[in-house]
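Topology and contacts: notes
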Amino acid sequence: MAHWNKFEEDLKKLIEYISGVPEEDPDFQLLLQYAWSNVRYHQFLDVNSHKITRVIDGIHEKLTIHSELPKAVSWLRLTDEFLELPLETVEGTKTKEHYAILSLLLALSDSPSNSQYIEKPRQKEEVQHDDFDWGKYLREGEDFDIGPYPDTPEWSEEESEEELQESLSREDSGIQVDKTPPEEQAQIKKAASHVSSKVGEPEARSWLEQHVVTQYWTNKASKFGHSFHLHSNLAAIWEQHLYNTDPLYYSEERTFLTEAQVIRETLWLLSGVNKLFIYTLHDGKISVRTDIMVAHLTQSCLRAVLEQIAAYGQVVFRLQKFMDEVIGHISENCPLGTLPTSRKFTEPPFRTYQSFVWALHKYFTNFKEELVSIEQCMITKDETVTLAAVLEKLAPRLSQLKMLHRVFSTGVAEVPPDTPNVIRASHLLNTLYKAIIEYDSVGEAAEQTVSLLFSLWVETVRPYLEIVDEWIVHGNLSDPAKEFIIQRNQDVPVNHRDFWHSTCTLYSVSEKTAIDETAGDGAGSSCNIDEENSSKQHTMVSFLKPVLKQIIMAGKSMQLLQNLESTDNQGLPMQNTHRDAERKSLYTLFLESLQSRLRYGEDTESCEHAVPEQQATKESLIKVQSVVARHLELDDVHDPLLAITFARLYMEQSDFHERFTSGDVHVHRSSESVTCQTFELTLRSCLYPHIEKCYRDCCGKLMRTLKTDYKLVEYLQAMRNFFLLEAGETMYDFYVAIFDKVKEKKSWQRLSFLNARLQEAVAQRYPEDSSRLSIYLENIDIVKKALPVHSIDGLTLSYKVPWPVDIVISSECQKIYNQVFILLLQIKWAKYSLDVLRFDEPIEANEKPQAGLFENSDRSFEALKTPVGLQIHRMFLLRVKLMHFVNSLHNYIMTRILHSTGLEFQHQIEEAKDLDQLIKIHYRYLSTIYDRCLLREKISIVKDTIMKVLNLVLMFADRWQTGLGVSKIESIEKMESDFKNCHMFLVAVLNKAVCRGSFPHLESLASSLMAGMEQS
């Protein structure tokens, strides 16, 4: 009733506050009655706790989706804490009052996800404990006898019953009873009483005797007391047997140890402790003492077990020694019984070894934690710990130690000390790589081993990936220890024309001969890494082989880009720094991809653990039922009810579910066993895509910069315009001036004349290229100089290409361009010489008085019937044949070769992904036109035949101009015979090449020349 009275007072205050009507007003009672009726007889339902829970979870999910994780965590934690707190007037937690308050708060809230909230730390009120001694206060003034032993606990009937049960015999329980003779027990009690009589504090002495280990490692250690049961004295019984059977047997004095002491020293040995009693370290080798024994094991059995443990301790000691050498914590004064370090690093170890040691350190840290847990279990004595149980528990770890020792011996210890760091690093990574592939091929049996190897490899490969990331992202090949397989050539600056071909050196070492070899990654070598020295086995970092070309291209492209953009980005250093801070490294991206790839296994495990207990029990029951049914069918019993009954009987066992599910149910590989789907596929999906993305970004940006900012395509077109005579009108004005000088028998080998004519011709249509073009003369072979057609071989056209375009258009490329340019000039010269010949020139040169010989056609035919006229007619026919040959060759070169090949070259330039590919496309284009212009040395006989015909054309043109007075019939016949022989030879050779299908582009030339031969 008091609760309702208090509630009525609150209701009056609410009415007065909202309506403003005072309590003395008669209307106030009407308002009060209306409010009471709504409060006491309301039609609202009680709050739904499930609905409030769904709303709370929905707000938490919304905050998580909006990436407001701090608010989401605070929201879930505060609501849970409120539901667990008791209210002042309500007992219990998670009551309807709790949910009612939350419902009110949710109704009053306005979009919790949009509000700014920062949780403030709250100070919890300290609970003050009452330390007042009420018992002493209440018993004040009373005499209370606590007896002679005030510290003795109070007696209870339960303790007396437990003592009675312990005093009963336990022979029927299967536990062996200690049958130590009463005399031995009396001696032990007498010795104990003797000790306690000498010590002033007997309780402290007994505590020390129970908790302090006997100094078994000293020579004065006495034999401890133990049970004389058969199982506890197997060593003594076996020794007595040897004494009785062998009259010459001599029992040496040995130190008796307990099994607990042996286990503890074993754990210490595997933890890396060297100064032990059972295991001794001498000359770097761990051995077992021969003067020890335990009561329940024979000497040979104990030694066999301990020697196996010592072998694993040797592995731990060797690995720990290597870790100390790398970390740098080796003491200069080696302890007694140990050797000085066999491999001390004269310089700081390179980062690959440091990462490998860090991976080993993390492994041994977990291993030592497991050993400490076993030792703590021995100290607390919660369960029985035996040496066999410890070895069985540590069996997976011991097999891993064996595998680690194999990897260490192959990858580190067997490498000669004077080996370069690049060989050591690559050899260690290859050893781990091969070990992963080897153990992964075994399958599920080597799951833990593959997991450990993969974790070691991921840690060890980190420096390599960091070097690659720094190079392909920032253009800086930072490798102070020279452990990376690619080294920067510091003698070649970035702005040098040979930078692209000589900037890096790829190291490869033959495993058979151990001789260092360096392969420069030039224009053609970077993609032929696998082809070079294929007859030898090279220690190459295996996991980088599929993307080594991309790494080299991306690194060099980024170096070139950094140099090109150094002037453009002077005002943007902060922007680049901010961009680098937001960017994830290659190693981080690799780990994230690896985790996302393995998330399937983790989700599978989490789903398995999330199965409700009832559902798991039902599934196990169905599975057991099917197993039992199959066993019953073997005995020709088909009774499903019997199978269900047997299954339920098995399910009633308390430990059945755990044993059955752990032994039979197939579980997906965990996240640690990552190489279930082969190690190479893991790298292809998690590492290589990131490297290829950087390669595409770097090389694509460089190609766009060269094409847009440095006009690479325009320069390539300029080379074709001037060297390949695609700018026909411009180059025609240049070379016709030279041909006219030769025709007029005037000197044309003056550089001033040549450059003036070239500049005059180019400046009219290509003024931007006039300053880049120049021409000079080279010395010609005396034998070639005697032939007219070779008199222009010394002409050399030069085009000044700026950096970095000269990386693509190098001086070697200009040499090939010049050879094609000379061939085209020779063909143009022969064609021009025949084209300018006039029909009246031979007659005018021989019969100048008969100027009107051809004015009358009748007289001309009559003149051709004379001997001189017949010679002129033969010259006309020969001129036509020569013109057909030269025109066929000219059309073949200019259309079938240069034009069509040029169109293919332009299309390939547009699709080039990196600069190296563009360089190769350019070289391939030059090689193609060089071959199809018949300039290759292996088909020099065809070129020489063509040169003879062209030389014959020039001689024929000269004879045509001089007239028949000089030219006799014998010379005409000789020219006809030489041309016929050359013509027939070329047709035969070209037809044979076309029939073989080796030179399909020659088909048009062969058919054209054959048509000319048929006409003749």
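What counts, and where the lines are drawn
Residues numbered from 1 in each chain as written. Predicted model: local features only at pLDDT ≥ 70, side-chain atom pairs only at ≥ 80, totals over all residues. Heavy atoms only, no water. Helix = DSSP H or I, 4+ residues; strand = E, 2+ residues; numbered from the N terminus. Buried < 20%, exposed > 50% of the residue type's maximum accessible area, 1.4 Å probe, protein only. Contact = heavy atoms within 4.5 Å. Pairing = 2+ DSSP bridges. pLDDT = per-residue confidence, 0-100. Patch = residues over 30% accessible without salt bridge, like charges linked within 9 Å, V, L, I, M, F, W, Y side chains within 5 Å. Areas by Shrake-Rupley, 256 points an atom, 1.4 Å probe, with all protein chains shown as cover. Salt bridge = Lys/Arg side-chain N within 4 Å of Asp/Glu carboxyl O. Arc of directions from axis to C-beta. Core = buried A, V, L, I, M, F, W, Y, C linked by side-chain atoms within 4.5 Å. Axes fitted to C-alpha atoms, helices over the stretch in contact; angles between N-to-C directions. Parallel < 35°, antiparallel > 145°, perpendicular 65-115°, else oblique. Left-handed = near helix turned anticlockwise from the far one by under 90°. Phe/Tyr/Trp six-rings, centres within 6.5 Å; stacked < 30°, edge-to-face > 60°. Lys NZ or Arg CZ within 6 Å of the ring centre and 35° of its normal. Polar contact = N/O pair within 3.5 Å; in protein donor to acceptor, adjacent residues only side chain to side chain. Nonpolar A, V, L, I, M, F, W, Y, C, P; charged D, E, K, R; others polar. Disulfide = S-S within 2.5 Å.

1. Observations regarding the overall build of the protein
When you go through the protein residue by residue, the secondary structure sums to 40 helices and nine strands. By residue count, 37% of the 1016 residues in the protein fall in the buried class. Of the contacts made within the protein by residues no fewer than 6 positions apart, 70% connect residues no fewer than 24 positions apart.

2. A few points about the pairing of strand 9 (residues 795-799)
Counting buried positions along strand 9 gives five out of five residues, so the element sits mostly inside the fold. Here strand 9 shows no split at all, with Leu795, Leu797 and Tyr799 on one side and Thr796 and Ser798 on the other all buried. Bridge count between strand 8 (residues 773-777) and strand 9: five bridges; the pairing is antiparallel. Pairing of tyrosine 776 across the sheet is with threonine 796, part of strand 9.

3. A word on the confidence of the model for the protein
Of the residues in the protein, 70% have a pLDDT of 70 or more, and the chain-wide mean is 74. At the low end of the mean pLDDT range in the protein sits strand 7 (residues 516-520), at 39; at the high end sits helix 13 (residues 351-380), at 91. Predicted confidence is poor over residues 329-342, with pLDDT under 50, and the contacts of this stretch with residues over four places away or in other chains come to 21 contacts.

4. Topic: a nonpolar patch on the surface
A cluster of nonpolar residues, Phe132, Trp134, Tyr137 and Leu138, forms a patch on the protein surface that exposes about 490 Å² of accessible area. Among the residues examined, leucine 138 registers a relative accessible area of 61% and is labelled exposed.

5. Notes on helix 26 (residues 679-686)
Here helix 26 has its buried residues at Phe679, Thr682, Leu683 and Cys686. An end-on view of helix 26 places all buried positions within 95° of arc, on one side of the element.

6. What about the nonpolar core?
Of all hydrophobic cores here, the largest spans 214 residues; its most connected members are Tyr279, Trp457, Tyr464, Ile486, Phe543 and Leu915. Looking at this core, the element that brings in the most residues is helix 36 (residues 867-911), giving 16 residues. The contacts of tyrosine 464, once residues within four sequence positions are left out, are Thr352, Ala425, Ser426, Leu429, Glu483, Phe484, Ile485, Val541, Phe543 and Leu544. Residues Ile52, Ile59, Leu63 and Leu106 belong to the second largest nonpolar core, which totals nine residues.

7. Focus: the packing of helix 12 (residues 299-327) against helix 15 (residues 395-413)
Look at helix 12 against helix 15: their axes get within 10 Å of each other, and the N-to-C directions meet at 45°. Here helix 12 is positioned oblique relative to helix 15, judged by the angle of their axes. For the element pair helix 12 and helix 15, the recorded crossing hand is left-handed. Contacts between helix 12 and helix 15 involve Tyr312, Val315, Val316, Arg318, Leu319 and Phe322 on the former and, on the latter, Leu398, Leu401, Lys402, Leu404, His405, Phe408, Ser409, Val412 and Ala413.

8. Observations regarding the packing of aromatic side chains
Applying the stated rule across the entire model yields 21 aromatic pairs. With a centroid separation of 5.8 Å and 35° between ring planes, the pair formed by phenylalanine 739 and tyrosine 832 is classed as tilted. Within this pair, whereas phenylalanine 739 is found in helix 29 (residues 728-743), its partner tyrosine 832 is found in helix 33 (residues 811-835), the two being separated by 93 residues in sequence. For the pair phenylalanine 739 and tyrosine 832, one class covers both residues: buried. Members of the aromatic cluster, each reached through a chain of ring pairs, are Phe322, Phe350, Tyr353, Phe356 and Phe408. A cation sits over an aromatic face here: lysine 741 above phenylalanine 753, 5.2 Å from the ring centre.

9. Observations regarding the pattern of salt bridges
Oppositely charged side chains can form a pair if their charged atoms are brought close together. Tallied over the entire structure, the rule returns 25 salt bridges. Salt-bridge contacts for arginine 351 lead to glutamate 483; the nearest nitrogen and oxygen are separated by 3.9 Å. Note that arginine 351 is positioned in helix 13 and glutamate 483 in the loop between helix 18 (462-474) and strand 5 (486-488), a separation of 132 residues in sequence. Owing to a relative accessible area of 29%, arginine 351 belongs among the partly exposed residues under this scheme. When its relative accessible area of 1% is taken as the criterion, glutamate 483 is described as buried. Shared partners join several salt bridges into a network, and the residues in it are Arg351, Arg462, Glu466 and Glu483.

10. Focus: the side chain of serine 557
Note on placement: serine 557 falls in helix 20 (residues 548-564). On the accessibility criterion, serine 557 (0% relative accessible area) is buried. A distance of 2.6 Å separates a polar atom in the side chain of serine 557 from the backbone oxygen of methionine 553. The residues touching serine 557, leaving out its near neighbours within four places in the chain, are Trp500, Cys698, Cys699 and Leu702.

11. Details of the packing of helix 33 against helix 38 (residues 940-962)
The contact between helix 33 and helix 38 brings their axes to 9 Å, and the two run at 35°. Note on packing geometry: the crossing formed by helix 33 with helix 38 is left-handed. Of the residues in helix 38, those in contact with Leu823, Gln826, Ile827, Trp829, Ala830, Ser833 and Leu834 of helix 33 are Met947, Leu950, Val953, Leu954, Phe956 and Ala957. Considered class by class, the residues forming the contact of helix 33 with helix 38 number eleven nonpolar, two polar and no charged.

12. Examining unusual backbone geometry
The omega angle of the peptide bond from tryptophan 803 to proline 804 is 10°, so this bond is cis rather than trans. Within the secondary structure, proline 804 is located in the loop between strand 9 and helix 33. With a phi close to 55°, lysine 94 is a non-glycine residue in the positive phi region. For lysine 94, the position within the fold is in the loop between helix 4 (69-84) and helix 5 (96-108).

13. Brief notes about the side chain of glutamine 814
Relative to the elements of secondary structure, glutamine 814 occurs in helix 33. Residue glutamine 814 is classed as buried on the basis of its relative accessible area of 12%. Looking at glutamine 814, its side chain comes within polar contact range of the main-chain oxygen of tyrosine 799, at 2.7 Å. If we skip the residues at most four places from it in the chain, glutamine 814 touches Met719, Phe723, Leu797, Ser798, Tyr799, Val801 and Ile809.

14. Things to note about the state of the cysteines
Scanning the entire structure with this criterion turns up zero disulfides. Left without a disulfide partner, cysteine 699 is nearest to the cysteine sulfur of cysteine 698, which lies 6.5 Å away.

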